[in-house]
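Observations on chain architecture
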Amino acid sequence: MRIRRNTLQLLGTILVLTGIYVLAAKLGLSLAFIHPSATPVWPPTGITLAALLILGNRVWPGILLGAFLANITTAGSVTTSLAIAGGNTLEGLVGAYLVSRFANGPHFCERPQDIFKFTLLAGVLSTMISATIGVTSLALSGLASWTDYTSIWLTWWLGDAMGDFIIAPLLMLWSENPYVRWNRYEIFELALLLLLLFLGGQMIFGGVLPTNAKNYPLDFLCVPVLVWAAFRFGPRETATTAVMLSGIALWGTLHGFGPFAKDTLNESLLLLQLFMGCTAVMALVFAVVVLGRKRAAEVRARLAAIVESSVDAIVGITMERTVVSWNRAAERLFGYPAGEAIGSPISFVMPPDRVHEENQIIDRLKRDEYIDHFETVQRRKDGQEFPVSLTISPIKDATGKIIGASKSVRDISDKKRAEEQIQASLREKEVLLREIHHRVKNNLQVIYSLLRLQSKLVTDPKASALFKDSQARVKAMALVHETLCQSKNLSRIDMSEYSRTLTRRLFESYGISSDTLGLNLNIAPVSFSMETAVSCGQLINELVSNCLKHAFPNGRTGDVTVELLSNGNDTYLLTVSDNGVGLPPDFEVGKAESLGWQLVPMLVEQLNGTFELQERAGTTVRLTFSEIHYKGRI
């Protein structure tokens, strides 16, 4: 259903285009004086080009049918009418292609260079196709004399070209912007323009002047009206004015008035069309240039308003370091009015020891670099120096050459003061944290010393062993705080150094020499938070202590191995193994009476981990765990 609707819409568009083409063609052919099929006034060419650019090439059947009907009902045979219709259609298709390919397509009226391309490609070149095919078909069929070929071809080609020059821009501009948004002042001015257009047209082409002045060369009087339209309104109104002036001039010339009235009507119309076509194109170019300058002025005004309203100082300089722009924020920031700053070297706002920075900035700009948040010091008019942050970007001309720089200057005095306060506060907190860790370490050392003194009064070997185990556990916790006191990072503990120190002290506390037992450490370069490090350190302490106390009885030699590796995905593997006598056959961790084996599952649970026990060629304990994330303390 939708496809059928689209097909019907296309068919309706083609039929409407056919009707318009026939009416315009009949109007043009009514002014054919040199040959019934050749006229210097041919609006269908402009209609064809505009239709193909606006509606697309799919409407070409409407052009072909309209051209055929217009010619078959005027003069000639079916063959010549088909040939002429084909030439007219091909002319339009080629012109539309060239304009779309090289002249910005339907928007060719937006830039002067595109208008000139449109004039050459569509108005001059593509129109030669229709003139050549049409006149040649007439000559071959005997409907035109070969001796008149040149004059007929010139009339045909010039009529088609003027149709493109005058009619096509009018239709394109109104199709792009069909709405009228004139205020009452513009309507009044437009009424004056139309009145002047009518009066001027009557003076030049209407025969209202005295008899002896009717055909004076006053055609230059058309220019002020077109310039007025171009300057005050725009390309659309300029094209409309050109078409209206062409109509007045055509009527007057046909009645023998005006500077283009010659001996024959065909010659008169050729001269008139040539003048009006050139004038219309140049007026359109002028209108586009004026519109472009107005838009550029509006953009500059908006940019200037943005710059002036900016809270940051914005300064424009040349590559020779001369100030060329100075906004109000710059006046407030530096204390210099714009009149005093502009034209001066930018060094007047720099302390003497900072002038060299400008050379570095210019060198970076020459490399087309954008400088963001460049912190330096500058100077106010009263001599006060203050910190600023500069954002500097190169300014380029139309060719891409760097001609200057735009500096955005922000006073960061408050920011610097805040940063200094934060740094001072952090230093105070760091000192406080180090003092806390130092005192905790000392307190644990006191507890360790008390346990050691108390153990000397104990004669029972089992009780003495319990005291030694407690001393080792306190020492392991104290080592965490000792490591933090000495570390640059008060939130993380280097487990490599910590593990080496812990195991070495365990060997010393149990009186184990390196000749009796070997210690193999394989600790990855990982760091843990204090919470994770304490639990992990306690695990190493318990497992290594068990190895030293039970794995090598009666002076047996062997090795103890400690490994701490990263598994990736924020998980770690701790392995403590020995090649000693191993655990008893009936040993179960859950039923162990030893405090150390009771602590191991609890510590593993704190780390959200798991562990396994292997009893081959000694004892191996493997623990997999994750780092404890800090949740805050009360």
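Scroll up to find the structure.
The paragraphs below set out a description of the structure included in this document. (Residues numbered from 1 in each chain as written. Predicted model: local features only at pLDDT ≥ 70, side-chain atom pairs only at ≥ 80, totals over all residues. Heavy atoms only, no water.)

1. A word on helix 2 (residues 44–55)
What counts here: Numbering of helices and strands starts at the N terminus; helices are DSSP runs of H or I of at least 4 residues and strands are runs of E of at least 2. Helix span, expected: 1.5 Å multiplied by one less than the number of residues in the helix. In this scheme, a residue with accessible area under 20% of its type's maximum is buried, one over 50% is exposed, and one in between is partly exposed, where area comes from a 1.4 Å probe on protein chains only.
The first and last C-alpha atoms of helix 2 sit 16 Å apart over 12 residues, in line with the 16 Å expected at 1.5 Å per residue. Across the 12 residues that make up helix 2, a large majority, 10, are buried. For helix 2, the complete set of buried residues consists of Pro44, Thr45, Gly46, Ile47, Thr48, Leu49, Ala50, Ala51, Leu52 and Leu53. Downstream of helix 2 by a residue or two, Gly56 has a phi angle that is positive, lying close to 100°.

2. Observations regarding the sheet that holds strand 9 (residues 558–568)
Note the cut-off: The pairing criterion is simple: DSSP has to find at least two bridges between the two strands. For helices, the fitted axis covers only the stretch in contact; all axes are lines through C-alpha atoms, and the angles between them, taken along N-to-C directions, range from 0 to 180 degrees. Whether two residues touch is decided by their heavy atoms; if any such pair falls within 4.5 Å, the residues are in contact.
The sheet built from 5 strands is open, its strands ordered 7-9-10-12-11 with mixed pairing. On the outer flanks of this sheet lie strand 7 (517–523) and strand 11 (610–614), each paired with one strand and no other. This sheet shows a mean twist of 10° between the axes of neighbouring strands, independent of strand direction. One ladder, built from 8 bridges, connects strand 9 with strand 10 (residues 571–578); its direction is antiparallel. Opposite Leu564, over in strand 10, you have Leu574 as the bridge partner. Of the strands in this sheet, strand 7, strand 9, strand 10 and strand 12 (619–626) touch helix 17 (residues 530–551), which is tilted by about 15° from strand 10.

3. Quick look at the environment of Val124
Mapped onto the elements, Val124 comes out in helix 5 (residues 112–140). The sequence separation of Val124 and Met162 amounts to 38 residues, and the corresponding C-alpha distance is 9.3 Å.

4. A short note on the sheet that holds strand 5 (residues 402–411)
The 5 strands lie next to each other as 2-1-5-4-3, forming an open sheet whose pairing is antiparallel. Strands at the two margins of the open sheet, each flanked by one partner only, are strand 2 (323–326) and strand 3 (371–379). The sheet shows a mean angle of 30° between the axes of neighbouring strands, taken without regard to direction.

5. A short note on the packing of helix 5 against helix 10 (residues 265–309)
Rules: In these notes the angle categories are as follows: under 35 degrees is roughly parallel, over 145 is roughly antiparallel, 65 to 115 is roughly perpendicular, and the rest is oblique. Put simply, a crossing is left-handed when the front helix is turned counterclockwise from the back one by less than a right angle, and right-handed when it is turned clockwise. Gly is placed with the polar residues, together with every amino acid not listed as nonpolar (Ala, Val, Leu, Ile, Met, Phe, Trp, Tyr, Cys and Pro) or charged (Asp, Glu, Lys and Arg).
Taken N-terminus to C-terminus, the directions of helix 5 and helix 10 make an angle of 160°; their axes are 9 Å apart at the nearest point. It follows that helix 5 is roughly antiparallel to helix 10 by the angle criterion. Along this stretch, helix 5 crosses helix 10, giving a crossing that reads as right-handed. Contacts from Pro112, Ile115, Phe116 and Thr119 in helix 5 reach Val281, Met282, Leu284, Val285, Val288 and Val289 in helix 10. Along the lines of polarity and charge, the residues of the contact of helix 5 with helix 10 split into 9 nonpolar, 1 polar and no charged.

6. Comments concerning a nonpolar patch on the surface
Put simply, the test is: Residues forming no salt bridge and having over 30% relative accessible area are the ones grouped into patches, like charges within 9 Å of each other and nonpolar side chains (Val, Leu, Ile, Met, Phe, Trp, Tyr) within 5 Å. Here the Shrake-Rupley method, with its probe set to 1.4 Å, supplies the accessible areas, and only the displayed protein chains count as covering residues. Whenever a carboxyl oxygen of Asp or Glu lies within 4 Å of a side-chain nitrogen of Lys or Arg, that contact is scored as a salt bridge.
Together, Leu8, Leu11, Leu15, Leu65 and Leu69 make up an exposed nonpolar region whose accessible area comes to about 440 Å². Looking at the nonpolar patch, the elements that each hand over two or more residues are helix 1 (2–29) and helix 3 (60–72). If one sorts the elements of the nonpolar patch by residue count, helix 1 sits on top with 3 residues. You can see Leu15 is positioned in helix 1.

7. So, the pairing of strand 10
Of all 8 residues making up strand 10, 7 are buried, and the element is well covered by its neighbours. A loop of 2 residues connects strand 9 with strand 10, the two strands running antiparallel in sequence, and Asn569 in this loop sits at a positive phi of about 55°. Judged from the 8 bridges that link them, strand 10 and strand 12 form a sheet pairing that is antiparallel. The partner of Thr571 across the bridge, within strand 12, is Ser626.

8. Examining empty space enclosed by the protein
Stated precisely, the cut-off is as follows: Cavity: a set of points on a 1 Å grid over the protein atoms alone where a 1.4 Å probe fits but cannot get out. Pocket: an open set with protein on both sides within 12 Å along at least five of seven lines, its lining residues, like those of a cavity, having an atom within 4 Å of a point. Grid points are joined across faces, edges and corners, and a volume is the space filled by probe spheres set on the points.
Scanning the model with the defined rule gives 6 cavities of 30 Å³ or more in all. A volume near 70 Å³ is recorded for the largest cavity. Lining the largest cavity we find Leu29, Ser37, Ala38, Thr39, Trp42, Asn71, Ile84, Asn88, Trp156 and Asp160. Broken down by class, the residue content of the lining of the largest cavity amounts to 5 nonpolar, 4 polar and 1 charged. For the second largest cavity, the calculated volume is near 40 Å³. In this structure, the second largest cavity is lined by Met350, Arg354, Glu357, Glu358, Ile361, Thr376, Val377, Gln378 and Leu390. Within the residue set of the lining of the second largest cavity, elements represented by two or more residues are helix 13 (356–366) and strand 3. Residues that form the lining of the second largest cavity fall into these classes: 4 nonpolar, 2 polar and 3 charged.

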